[in-house]
Amino acid sequence: MSTNQWRKFNFFSSIPLDVPPEAVSKLKDISPSAIHGTRNSIVIGDKNGYCHFLNRSFHLTSCRCYLTSIRLLLPIQASSYIVTVGEDEEDAPSVLRVWDTEKNTSEDKLFCVHSSKLPVGKPSTFAVKDDLSAAAIGFENGSVVLLTGDLCRNRSTKQKVIFEGKSPITGLSWKESTKLPCLFITTKNEVFCYTSVAREKDKLDLCDSIGCDKGCSVLADLRNETMLFIARNDAIYSFTGGPESRGTCYAFDGEKKLIKWYRGYLVVVVKEQQSHGVPVSEGAEKNAVHVIDLAARSIAFSTTTSAVVNIFPVFGSLYVYTVDDRILELREKDLQTKLDTLFKKNLYDVAISIAKAHQYDADNLAELFRQYGDHLYAKGDHSIAMEQYIKTIGRIEPSYVIRKYLDSPRILSLTQYLELLHRERLATKDHTTLLINCYAKLRDTEKLSSFLCKDAKLGYDVETAIKICRHAGYIDEALKVAETNGRYDAALKILIEDKTEYQAAIDYIRTLNVEQVDSALRQYGSVLINQLPDLTTRLVTDLCVKFQLTDSENLGLPSVEDFLPIFATRPDKLTEFLEEILLHLSSPPTSLFHTLLENYLLVFSQNGDETQRMEAEEKALELLDSTSVKLRLDQALVACQSANFTKGILILYEKAKMYDQILAHHLKDNCWEKAVSTCRRFGVSDRSLWIKLLHESIVNPETPSYCLVESLNAVEKERLMSPLLVIELLCKSPTVDLGKTREFLLRMLVSEENSKEEDERIIEELREDCKKIRGEIKQLEEGAIVFQGSKCSVCSQPLDMPSVHFLCQHSFHQRCFDSYTEDENECIVCLPANKRIREQMKALEPSPGVDINSFFQKQISEAEDCFSVVAEYFGKGLFNQQEVKTLSKTAKPQLKQEKISQPENEPLSDARLRIQDRQTFHLKETTEAKIRQRETRDFSSSPQSEGRLRTDKAYASIPVNKDKPVVITTKELASTSPTNPFESPDDVNNPFLDDSNPFEASANPFEEEDESKADYKNPFDE
């Protein structure tokens, strides 16, 4: 195919560079051997060994690289390295050198980073890897030498001859995009692919038996695949590597001089000929430069110029260097300009191809497809237009396309579009509806079934599909869709409502998981229990047993109670279900037993078959009387009372310990023997039963005499009532005579006489105790107090000065007392007992703000023996409120202490300070060894508590005899110190001088005194 058969466009602008005359004159003096472009300059290698750099400002700098000439030159892409091959001497081996243009020491000298001497021969072409790890040099003698090593450093490299042919090497290209990089080798006669598999294992494949001229091969990336293009006079061929790897062939005639790859375009230089086929003269040779878009199979640009030396990219454009030292810039037009040009010519397919090559974004591509589809639709090519519209799915609104194809003749194209719309999961309910309607309109049941069932991954709206299929009469298809997509609710609805296949519905429910079964039975359980009661009951029972085998509480499984509403219309099946399920549950809920009981009572209360009623009664009694069943008694009692189930009521009364209700029931029915039996069984637990039976025997004249005798015997034995109260009750009865109660009265009189004698004995003992206490009080008030303690009551060590003595005959070291005391006026040993007594007395007092009469009445009502409470109040004098208050103020025992002289202004002792900090102290038992471990303190140097130990000169004047105990009278103690609490002016602090002393005769309820002087009469006085 000639160039005239390719579509031609003008996507580039040809701009001749206006090179300054000075630069032009310098360029004419150069004999170029190689010309290429780097990142920021044009590099020219000449035959004199110089490298010339022409920058954007046309400033030319030259650096000598070889002494003789430069044969080959190649800049490394995206780096500052330049690789050259040249000679330093005539007929000498060539040298490969790597230069770093960024490390120049001066403008006229390049920095060489590597140099390797090549074998003898004239290099014709070479190729270098981008990472400078290897280089291949082809020679005119047909051999190829491979250099491996680090070429960016001045280190030795390995050289290896990898190919030897008969014709000169015309091109070398590295393909590095595969796992095993390969080297394309082209000669004038052949094309080879060299691959180094492993050490000493090289592979050389023949790609084609026809080669190409020098400069007519290039490595390019087309459609994301790296391949080798070679240009021959008849066409352009592509190779992917390996044997028989020839790719697409592009017919393009003409004598090819050079081919290059630039931004997805193949740039081909063809030698121009006259129209009649005779070539022009050599001095006036012309070349045609074609920029070909192989993807679009079009020529993007064509121009004619003088003979081309080389074409290279630099400064963001494509530059053409000619033999007359002219530089032509080919600048590509922007993409939008190209597309506008193509749109005007209605070449949408070319525009789309160009947009894809330029990595156009998806939205803009979709717009191009839409415009192309509109163009085709306007021409009447509806099916081809639909192909373009399909490519816009996901980018263009589907309704834009659907509106164009709603007519019946175009329904096939619309169906195709809707199917793809569902496959991309972009369809809505309306789209699903429309597609199914299309299938229904086409009467294509097979395709409808395939769409709904086989292509279930299309992502259509399942609910809409099922709804439309049911409405259109495709019941089986709707059922398949529901089952395939796991829509169990819709499947059950179809089976039960549309097909009325209840047996199939139950079988389908058995295949579902726990949550689905729960939902299905809640929705359709009532329908199934009415249609197939036995199968439905078995289904629910099996499922509940299955739930029991798992941890339903932790897994969130439905409980048995959730299925009970299913049996609302069939209580007989509910009873059957509960009886079966309770056998399998390890810990059934209480509500199930109540439901079962209510069903039994429902059958019992109905006027039906007597056999069923008796069976229900037996089962209900067995359920109520079972010890393993835990029923809520109040709920069960209400159910039994509603059903008038007497036997059950009595069982529940007994379980609830409502024995009085059992007795009341028997008394109401005049069942006297059962009433007496009830009192005998439960009288120990509830003693009031005998009293109620006694009262009924007295009031009701129909009561048999043995009820009265039994009740009176129980009252006497258990002392349930006082004799006077019994006699008072008997007197109110018009039917009870003395003969029935004679023996009871005699026994009560004898018992009362014995009780009186016992009380008199106790009163006499209490009188003796009171006399003894009065004597002790008098001794304390008038007699001398002899402290005979020789050892400390805490540490059990002999006493030494200073010491503390109490009237209770307990003595302590001063240091021990300070360490353990909680109150300086209390004896450490007697403190717990005194504290306990005070707490008991305080407990008898009402709380502040509480009326003492109300408090006393409360205690009387709560006490079992009221007389003991009254006696206790009398014994402690608590009926006189003034005496109680005085007793609480003066009940603290007083102490007598020995004192050592101490300065008044001396600070308090450490022990005293510790006492002030502590609010509560508990005396703990301790061993003598632990007490001795305490640090002893010298009483002469230790400061004493002035508030507790007073200066006592009298103690110093009293002679101390170790063999005789010290006797100190109360009067002597009172005269020794002006701070004695017993010598205070008002005598308020002296408990023995208080007029309200509880031990005085006037406060003792057991003292015999004149009745005129007493406030009340002693009930124990004879």
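Residues numbered from 1 in each chain as written. Predicted model: local features only at pLDDT ≥ 70, side-chain atom pairs only at ≥ 80, totals over all residues. Heavy atoms only, no water.

1. What to know about the sheet that holds strand E5 (residues 50–54)
Move 1: Reading across from one edge, E3-E4-E5-E6 is the order of the four strands in this open sheet, with antiparallel pairing throughout. In this open sheet, the two strands that pair with only one neighbour each are strand E3 (32–37) and strand E6 (60–64). Each strand axis lies, on average, 20° off the axis of its neighbour in the sheet, ignoring direction. (Pairing = 2+ DSSP bridges. Helix = DSSP H or I, 4+ residues; strand = E, 2+ residues; numbered from the N terminus. Axes fitted to C-alpha atoms, helices over the stretch in contact; angles between N-to-C directions.)

2. Considerations on the nonpolar core
Move 1: Ranked by size, the top nonpolar core spans 152 residues in total, and within it Phe-12, Ile-311, Leu-521, Phe-577 and Leu-624 carry the most contacts.
Move 2: Residues within four places of Phe-12 in sequence aside, it is in contact with Tyr-262, Tyr-265, Val-291, Ala-300, Phe-301, Leu-330, Arg-331, Glu-332 and Lys-333.
Move 3: Within the second largest apolar cluster, 29 residues are counted, among which are Val-218, Leu-228, Ile-292 and Leu-294. (Core = buried A, V, L, I, M, F, W, Y, C linked by side-chain atoms within 4.5 Å. Buried < 20%, exposed > 50% of the residue type's maximum accessible area, 1.4 Å probe, protein only. Contact = heavy atoms within 4.5 Å.)

3. Digging into the pattern of salt bridges
Here the idea is simple: oppositely charged side chains can pair when their charged atoms come close.
Move 1: Under the definition given, this model contains 39 salt bridges.
Move 2: Residues Lys-338 and Glu-332 are paired through a salt bridge, measuring 2.2 Å at the closest nitrogen-oxygen approach.
Move 3: Among the ionic pairs, Asp-407 bridges to Arg-410, the shortest N-O distance being 3.7 Å.
Move 4: Taking the relative accessible area as the measure of exposure, Arg-410 reaches 22% and is therefore partly exposed.
Move 5: Taken together, the shared-partner salt bridges connect Asp-208, Arg-232 and Arg-246 into one network. (Salt bridge = Lys/Arg side-chain N within 4 Å of Asp/Glu carboxyl O.)

4. Some thoughts on the packing of helix H8 (residues 429–442) against helix H10 (residues 462–472)
Move 1: Across the interface, H8 lies against H10 with an axial gap of 9 Å and an inter-helix angle of 35°. Remark: the crossing between H8 and H10 carries right-handed chirality. Here H8 contributes Lys-429, Thr-432, Thr-433, Ile-436 and Asn-437 to the contact with H10, which in turn contributes Thr-464, Ala-465, Ile-468 and Cys-469. (Left-handed = near helix turned anticlockwise from the far one by under 90°.)

5. A word on the state of the cysteines
Move 1: One pass over the structure, following the stated rule, counts zero disulfides.
Move 2: A disulfide-free cysteine, Cys-63 has its sulfur positioned 6.5 Å from the sulfur of Cys-65, the nearest such atom.
Move 3: A disulfide-free cysteine, Cys-212 has its sulfur positioned 5.9 Å from the sulfur of Cys-216, the nearest such atom. (Disulfide = S-S within 2.5 Å.)

6. Observations regarding the packing of aromatic side chains
Move 1: Inspection of every chain in the model, using the stated rule, returns 18 aromatic pairs.
Move 2: Geometrically, the ring pair formed by Phe-9 and Phe-11 is stacked, given 5.1 Å between the ring centres and 0° between the ring planes.
Move 3: Residue Phe-9 is classed as buried on the basis of its relative accessible area, which comes to 7%.
Move 4: By relative accessible area, Phe-11 is classed as buried at 2%. (Phe/Tyr/Trp six-rings, centres within 6.5 Å; stacked < 30°, edge-to-face > 60°.)

7. Quick look at the sheet that holds strand E10 (residues 111–117)
Move 1: One open sheet holds the four strands; their spatial order is E7-E8-E9-E10, and the pairing between them is antiparallel. Edge strands, defined here as strands with exactly one partner in the open sheet, are strand E7 (69–75) and E10. Averaged over all pairs of adjacent strands, the angle between strand axes in this sheet comes to 20°, irrespective of strand direction.
Move 2: Both strand E9 (residues 95–100) and E10 contribute to a ladder of six bridges, which runs antiparallel. Across the sheet, the residue bridging to Asp-100 is Phe-111, located in E10.

8. Quick look at the pairing of strand E22 (residues 246–251)
Move 1: Two elements, strand E21 (residues 235–239) and E22, share four bridges in a ladder whose sense is antiparallel. Residue pairing across strands places Tyr-237 opposite Cys-249, the latter belonging to E22.
Move 2: Adjacent in sequence and paired antiparallel, E21 and E22 are bridged by six residues, among which Gly-241 carries a positive phi angle near 110°.

9. What to know about the confidence of the model for the protein chain
Move 1: Per-residue confidence for the protein chain gives a mean pLDDT of 77; residues scoring 70 or more make up 80%.
Move 2: pLDDT under 50 marks residues 882–1022. Its contacts with residues more than four places away, or in other chains, come to 179 contacts. (pLDDT = per-residue confidence, 0-100.)

10. Examining unusual backbone geometry
Move 1: The omega angle of the peptide bond from Met-801 to Pro-802 is -5°, so this bond is cis rather than trans.
Move 2: Residue placement: Pro-802 occurs in the loop between strand E30 (785–787) and strand E31 (803–806).
Move 3: The phi angle at Ala-78 is positive, at roughly 55°, despite the residue not being glycine.
Move 4: For Ala-78, a relative accessible area of 73% translates into the label exposed.
Move 5: Despite not being glycine, Asp-91 has its phi angle at roughly 55°, a positive value.
Move 6: As for its position among the elements, Asp-91 is in the loop between strand E8 (81–87) and E9.

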